[in-house]
Structure formats: structure tokens, C-alpha cells
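Structural characterization, general
Each chain, letter by letter, is given below.
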Amino acid sequence: QVQLVESGGGLVQAGGSLRLSCAASGRTFSRYNMGWFRQAPGKEREFVAAISQSGDRTYYADSVKGRFTISRDNAKNTVYLQMNSLKPEDTAVYYCAGSTLAIVPVGSRNYNYWGQGTQVTVSS
């Protein structure tokens, strides 16, 4: 089992950048495919990005491709989401999640573990 704690959210102007971090407990972090999701008020949770266990494969939602970068440091048990060129529509609570599936999933139902989320607000 793994516990996930996100940090790095905040208020930023449109066009700005933030880097989210997700620290995982336990010694098996490298066994998990990791993902970032977000949920805006009144909307369903949506996929943002995912990364394989070793970090050699990454996946992105079309809405963030070219602006966001997911990465991980297995030695530090941490996954990151670098967010550049932020837009007001990126405003949401961002969650990191871990999956024990052999493939890297993009659906939230395929993730076993979730953090509590961190708020990102982008002002226009």
C-alpha cells in the first residue's frame, strides 16, 4: 500500500508556471504507474498525465500536451507535474494517483491509490 501527498498548488496568473509534487510513502513506489488528474468545480475528474514505473513512457491529455510535463524520481519516491503556460481553464484540484496495473492507465477507475489533492487557481 502507498500513501500519496500532493504539494505545490497555489494561485498564479495566466501564462505562469507551477510545479506540483506528489510524495509517496513506502518502499515500493517504483512498482506503481503514476498519474495526475484534476477536477474543476461542477465537473468530473479528468485525466491530465501519466507515467510508467520506470519513467520511460508518458501520456498526456490533449488539453495539456506541450504545456505540462510529468516526471518521477524513484529514489525520492516522488512524481512531479511541471505546468507551464497556465490558462484559467486549468483551474482545478489536482490529484496524484498510483496504479498497480501492468499497463499505464488513463482512466481514473484503474488507479488504486489517491492523494487528497492540491488546489491550482489560474487568474486571467
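Keep in mind that what you see is a predicted model, and the values were worked out from it rather than measured. (Residues numbered from 1 in each chain as written. Predicted model: local features only at pLDDT ≥ 70, side-chain atom pairs only at ≥ 80, totals over all residues. Heavy atoms only, no water.)

1. Topic: the nonpolar core
Formally: Definition of nonpolar core: a set of buried residues of the types Ala, Val, Leu, Ile, Met, Phe, Trp, Tyr and Cys, connected through side-chain atoms within 4.5 Å. The cut-offs for exposure are 20% and 50% of the maximum accessible area for each residue type, with area from a 1.4 Å probe on protein chains only; residues under the lower value are buried, those over the upper are exposed, and the others partly exposed. Helix and strand labels come from DSSP, where a helix needs a run of H or I of at least four residues and a strand needs a run of E of at least two; each type is numbered from the N terminus.
Counting residues in each nonpolar core, the largest one holds 34 residues, and the members touching the most others are Trp-36, Leu-81, Met-83 and Tyr-94. Residue assignment for this core shows that the elements contributing at least two residues are β3 (18-24), β4 (33-39), β5 (46-51), β7 (68-73), β8 (78-83), β9 (92-99) and β11 (118-123). Per-element tally for this core: the top contributor is β5, with five residues.

2. With respect to the pairing of β8
Under the convention used in this document: One requirement defines pairing of two strands: DSSP has to find at least two bridges between them.
Here β8 lies mainly inside the structure; five of its six residues are buried. Examined bridge by bridge, β3 and β8 share six bridges and lie antiparallel to one another. The partner of Arg-19 across the bridge, within β8, is Gln-82. Relative to β8, β7 is paired through six bridges, and the arrangement is antiparallel. Counterpart to Asp-73 in the pairing with β8 is Thr-78. Between β7 and β8, which follow one another and run antiparallel, lie four residues, and Asn-77 among them has a positive phi close to 55°.

3. Focus on the environment of Val-79
Applicable threshold: By definition in these notes, contact holds between two residues if any of their heavy atoms fall within 4.5 Å.
Of note, Val-79 is situated in strand β8. The spatial distance from the C-alpha of Val-79 to the C-alpha of Trp-36 is 9.1 Å, given a sequence separation of 43 residues. With residues near it in sequence (within four places) discarded, Val-79 still touches Leu-20, Ser-21, Cys-22, Phe-29, Met-34, Trp-36, Ile-51, Ile-70, Ser-71 and Arg-72.

4. A word on the side chain of Asn-77
Here Asn-77 is to be found in the loop between β7 and β8. When neighbours within four sequence positions are excluded, Asn-77 is seen to be in contact with Cys-22, Ala-23, Ala-24, Ser-25, Gly-26 and Phe-29.

5. Brief notes about the packing of aromatic side chains
Heads up, the rule is: Ring pairs are drawn from Phe, Tyr and Trp, using the six-membered ring of Trp, whenever the two centres fall within 6.5 Å, and their geometry is named by plane angle: stacked under 30 degrees, edge-to-face over 60, tilted for the rest.
In this structure the tally under the stated criterion is six aromatic pairs. On the basis of an interplanar angle of 55° and a centroid distance of 5.1 Å, the ring pair of Phe-37 and Trp-114 is categorised as tilted. With Phe-37 in strand β4 and Trp-114 in strand β10 (residues 113-114), the pair connects residues that are 77 residues apart, well separated along the chain. With relative accessibility at 1%, the residue Phe-37 sits in the buried group. Residue Trp-114 is classed as partly exposed on the basis of its relative accessible area of 28%.

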